[in-house]
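Coordinate analysis (summary)
The primary structure of each chain is shown beneath.
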Amino acid sequence: MTRDEFQKAVIEGIPEDLPPVPDYDIRVNHAPKRKDVLSIKEKKMALRNALRYFERKHHKVLAEEFAAELDEYGRIYMHRFRPLYEIKAGRISDYPHKSVQAAAIMLMLHNNLDHAVAQHPHELITYGGNGAVFQNWAQYRLTMKYLASMSDEQTLVLYSGHPLGLFPSHMEAPRLVVTNGMVIPNYSSKEEYEKFNALGVSQYGQMTAGSFMYIGPQGIVHGTTITVLNAGRRIAGKGDKGLAGKIFVTSGLGGMSGAQPRATVIAGGICLVAEVNPKAIETRFSQGWVDEVFDDLDELVHRALFAKKRKEAVSIAYRGNVVDLLEKLVTEGVEVELGSDQTSLHNPYSGGYYPAGLSFDEANIMMAGDPEKFRDHVRQSLHRHVSAIDALVSGGMYFWDYGNAFLLEAGRAGADVFDREGNYKYPSYVQDIMGPLFFDYGFGPFRWVCTSSDPADLEITDIIAAQVIGEMLDEAPDEIRFQLEDNLHWIREAGQNNLVVGSQARILYADSQGRIEIAAAFNKAIREGRISAPVVLGRDHHDVSGTDSPFRETSNIYDGSAFTADMAIHNVIGDSFRGATWVSIHNGGGVGWGEVINGGFGMLLDGSGEADRRLAMMLHWDVNNGIARRSWARSKGAISTIQREMQRTPLLKVTLPNMADDDLIDSVI
């Protein structure tokens, strides 16, 4: 398809005449059939909801077609309207537009649905089993049409993928405001999600899926690297350096979990990772994110022991169930130093967790055909899963919950995951590593995308970022020196590690000062022509301020406020009037629907003075909101960080906590 044909197809939106129904492509990794959860009355409502996107003259054909989709898939995806052109992150100039900001949003949206990036691209799922960009292809087409036609004095509004419309605003306002899964709190159960999603009225946007800020497994690989690296440091003996010869066992090779093998190798260790989905293994192996694949556990154990003896950095995938892998390691007495899990347990009964004892295909059939029996298999598997972990931990393994609701759902299944006081017996990685070492000091997953799609531009941004971090190290206080040193090593090696999948993007854990100075240097380079096109800034929602999640991002907040969501809501509101190009706020993400509120942003740097002003104001708020909240929760690291920031920024005045004496509290209660 030519550039002109592509642009015409985008501008057309929903076509006047019905396009042909495309063939079902078996080469694509498809979402499993969803459960049949709607009553007859509700199914009729779902059809009415779907048909309202189309002229009445098409309703007879489409009603039968959509009813068949609902019966076959449990959802109405509108496959007929999947576009013929290839969806991928192109050059910003390729997209038809009146607003450059809107063109940047189209590029980012396309990256989320790129076949090399998305988990289930034909079902508009980016990662996590159900992390959706849109609910159906009509929403995609309308959104692209609106973005192509809008000006910088309009704002597009998306309700859980549905483009409500373009509304008059102003140049300082966001071009796009996104909400996903915003339901009344008492109706935020997983069962309600299944119903609302089947009706076509709400969706699970995960974190960066529904906010158009996903950059493939690279988006999590830096965080995974520093997590695995610092987990290794926790167990390191005297004189023991790095992860050489140490085994990290885990599961998952999907959108987020696929970062684990690459991160472990970057950190110098041995990764054993189980994955039941053959297409997911094929994708990660072909992309070089996993080194070797085994079907036989005896052969895998032999290979792992050989790598351990040679202190080889290698990633080894097992095409099978993680429970079988763990139990084999226990039986063979293999010494395993580190362990975690990244199955999509936020969605345990609808494709996020495949139980031991069933093949991948058997599980998919039972999931839709006999959901109660499938639930029983999941519960039994989680019991075995936890028992195997316990056995490895008794042999010296350090295990952490990776914020995927593993301990939460295992506990709900009745597995033994609690200590005598009723707390989880294993820590969240945020409790032990990410929170006290990074979030409390303002370090989080800052990212950028070169809209030229030119690797040369990305290389220039890497050089600029390394220069900024190097200069910061010269004056950094001792408490953040190791973070900066690790980050400097990361960004210097990033190009050689071949991390790009999809857009020309990079992730770098940075604090407020680092993000602002790096962004300002990028904007200057664009202005001077050293970077050939605008750059999009963003971050994972999994950050200092963006997410309220008591079992992950805010699990190291101990003042009783971990279950409140003021921080995430304030963050997205504050970003919206401080210069963000688009903002989003979601129910769910990581640990699941009803368990977390999270938000994010996108900001376009175009080399202008206005971009300089916006980036300084918005990035400062986007980080320091969370540090102020963590400081009020009595985190020592956050208190010292916000005190330094108030010295650097005279207009910043934050309420600091006064520490109560423990003996005094004990004497009165």
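Read on for a plain summary of the structure. Given the structure is predicted, the values throughout are model-derived calculations rather than measurements. (Residues numbered from 1 in each chain as written. Predicted model: local features only at pLDDT ≥ 70, side-chain atom pairs only at ≥ 80, totals over all residues. Heavy atoms only, no water.)

A tally of helices and strands in the protein yields 22 helices and 17 strands. Taken over the C-alpha trace, the protein has a radius of gyration of 24 Å; the compact-globule value for 669 residues is 26 Å, and the two agree within 12%. Considered along the principal axes of its C-alpha atoms, the protein spans approximately 75 × 60 × 55 Å. A burial count over the protein gives 63% of its 669 residues as buried. (Helix = DSSP H or I, 4+ residues; strand = E, 2+ residues; numbered from the N terminus. Rg over C-alpha atoms; globule rule 2.2 N^0.38 Å. Buried < 20%, exposed > 50% of the residue type's maximum accessible area, 1.4 Å probe, protein only.)

Turning next to the packing of aromatic side chains. For any pair of aromatic rings, geometry is given as the distance between the ring centres together with the angle between the planes. The final tally for this structure, using the stated rule, is 26 aromatic pairs. Measuring from ring centre to ring centre gives 4.9 Å for Tyr354 and Phe360, while their planes differ by 40°; the resulting arrangement is tilted. Linked through ring pairs, Phe248, Tyr398, Trp400, Tyr402 and Tyr429 together constitute an aromatic cluster. Here the guanidinium or amino end of Arg262 rests over the ring plane of Trp289, the centre of that ring lying 4.7 Å away. (Phe/Tyr/Trp six-rings, centres within 6.5 Å; stacked < 30°, edge-to-face > 60°. Lys NZ or Arg CZ within 6 Å of the ring centre and 35° of its normal.)

In this section: the sheet that holds strand S6 (residues 247–251). Spatial ordering of the open sheet is given by S8-S9-S7-S6-S10-S11, a layout of six strands whose pairing is parallel. The sheet is open, and its two edges are formed by strand S8 (292–294) and strand S11 (398–399), each paired on a single side. Pairing geometry for S8 and strand S9 (residues 314–319), over three bridges, is parallel. Bridge pairing links Glu292 to Ile316 in S9. With respect to the sheet, helix H9 (residues 278–286) is in contact with strand S7 (270–275), S8 and S9, its orientation differing from that of S8 by roughly 155°. (Pairing = 2+ DSSP bridges. Contact = heavy atoms within 4.5 Å. Axes fitted to C-alpha atoms, helices over the stretch in contact; angles between N-to-C directions.)

Take the side chain of Asn625 next. With respect to the element layout, Asn625 can be found in helix H20 (residues 609–632). One polar contact links the side chain of Asn625 to the main-chain carbonyl oxygen of Met567, over a distance of 3.2 Å. With near-sequence residues (within four places) excluded, Asn625 lies in contact with Ser545, Met567 and Asn571. (Polar contact = N/O pair within 3.5 Å; in protein donor to acceptor, adjacent residues only side chain to side chain.)

Residue placement: Met108 occurs in helix H4 (residues 100–113). It is 45 Å that separates the C-alpha atoms of Met108 and Gly395, two residues lying 287 residues apart in sequence. Residues in contact with Met108, not counting those within four places in the same chain, are Phe212, Met213, Val449, Val536 and Trp582.

With that settled, the discussion passes to empty space enclosed by the protein. Summed over all chains, the structure comprises one cavity of 30 Å³ or more. In this model, the largest cavity occupies a volume close to 40 Å³. The wall of the largest cavity is formed by Lys35, Asp36, Val37, Leu38, Lys43, Leu70, Gly74 and Ala198. Considering only residue class, the lining of the largest cavity consists of four nonpolar, one polar and three charged. (1 Å grid on protein atoms, 1.4 Å probe; cavity = no way out; pocket = protein on both sides within 12 Å on 5 of 7 lines; lining within 4 Å. Points joined across faces, edges and corners; volume = space filled by probe spheres on them. Nonpolar A, V, L, I, M, F, W, Y, C, P; charged D, E, K, R; others polar.)

Time to look at the pairing of S9. Within S9, five of the six residues are buried, which leaves it mostly tucked inside the rest of the structure. Bridging between S7 and S9 involves six bridges; their strand directions are parallel. Residue pairing across strands places Val273 opposite Ala317, the latter belonging to S9. Of the crossover connections in this fold, the one passing from S8 over helix H10 (residues 297–310) to the parallel S9 is right-handed. (Right-handed = clockwise from strand over helix to strand, strands pointing away.)

Right, let's get into the packing of helix H18 (residues 512–527) against H20. At a closest axis distance of 9 Å, the pairing of H18 and H20 adopts a crossing angle of 165°. Here H18 lies roughly antiparallel to H20, going by the angle between them. Here the hand of the crossing between H18 and H20 comes out right-handed. Every residue of H20 that contacts H18 at Ser512, Arg515, Ile516, Ala519, Ala520, Asn523 and Arg527 is listed here: Gly609, Ala611, Asp612, Leu615, Ala616, Leu619, His620, Asp622, Val623 and Asn624. (Parallel < 35°, antiparallel > 145°, perpendicular 65-115°, else oblique. Left-handed = near helix turned anticlockwise from the far one by under 90°.)

Everything listed here is a matter of geometry and, on its own, says nothing about what the molecule does.
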